[in-house]
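# Structural characterization, general
So you can see what is in the structure, the chains are spelled out below.
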Amino acid sequence: MMPARFKMSKKGVGQLLRSRMIQADMLGRAEAIEDAAIAIAPVGGPSDPHPGRYKAAFKVTTTTRGGRRKDRATATVTNGAYYARWVEYGTEKVPAHHVLLRAAQAGGGR
């Protein structure tokens, strides 16, 4: 028997990495992370003037020009609340909640 041969096409791999199929998979993973983040997001107490703003500020975006070389489909989960980084990483007075980190660990693998 002759061994199988394979010749990789860099152009073909690039097309695959930007394909609708891969973009849809990245979107599905990002939406799972977003759902997990919303489920565990903290909501302010009675003294919070905007309770639930952080929880409602998650957003998913996709592109076919993502990655370090801008050559692949990606999806990103962000939070638009101006204080989102303080919720994620904490401050001297507020402990870090690591909402997106925990959501990615829980929901990213589907």
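Residues numbered from 1 in each chain as written. Predicted model: local features only at pLDDT ≥ 70, side-chain atom pairs only at ≥ 80, totals over all residues. Heavy atoms only, no water.

On the surface, a nonpolar cluster with roughly 340 Å² of combined accessible area is contributed by Phe-6, Met-8 and Val-13. Here Phe-6 is to be found in the segment before helix 1 (10-17). Looking at Phe-6, the relative accessible area reads 72%, which means it is exposed. (Patch = residues over 30% accessible without salt bridge, like charges linked within 9 Å, V, L, I, M, F, W, Y side chains within 5 Å. Areas by Shrake-Rupley, 256 points an atom, 1.4 Å probe, with all protein chains shown as cover. Salt bridge = Lys/Arg side-chain N within 4 Å of Asp/Glu carboxyl O. Helix = DSSP H or I, 4+ residues; strand = E, 2+ residues; numbered from the N terminus. Buried < 20%, exposed > 50% of the residue type's maximum accessible area, 1.4 Å probe, protein only.)

Another point: the packing of aromatic side chains. Enumeration over the complete set of coordinates arrives at four aromatic pairs. Pairing Tyr-82 with Tyr-83 gives two aromatic rings, centres 5.0 Å apart and planes at 90°, and the pair type is edge-to-face. Where Tyr-82 meets Trp-86, the ring centres are 6.2 Å apart and the plane angle is 85°; that geometry is what we call edge-to-face. Exposure remark for Tyr-82: the relative accessible area of 58% places this residue in the exposed category. Residue classification places Trp-86 among the partly exposed residues on the basis of a relative accessible area of 38%. Each member of the aromatic cluster is reached from another via a ring pair, and the members are Tyr-54, Phe-58, Tyr-82, Tyr-83 and Trp-86. (Phe/Tyr/Trp six-rings, centres within 6.5 Å; stacked < 30°, edge-to-face > 60°.)

All right, on to unusual backbone geometry then. Positive phi is not limited to glycine here, since Lys-70 has a value of about 55°. Looking at the secondary structure, you find Lys-70 in the loop between strand 1 (58-66) and strand 2 (72-79). On the accessibility criterion, Lys-70 (52% relative accessible area) is exposed. The backbone phi angle of His-98 is positive, close to 50°, even though this residue is not glycine. Tracing the sequence through the fold places His-98 in the loop between helix 4 (84-89) and helix 5 (99-107).

Pairing geometry for strand 1 and strand 2, over seven bridges, is antiparallel. Looking across to strand 2, one finds that Lys-59 is bridged to Thr-78. The antiparallel hairpin formed by strand 1 and strand 2 contains five residues in its connecting segment, where Gly-67 sits at a positive phi of about 85°. (Pairing = 2+ DSSP bridges.)

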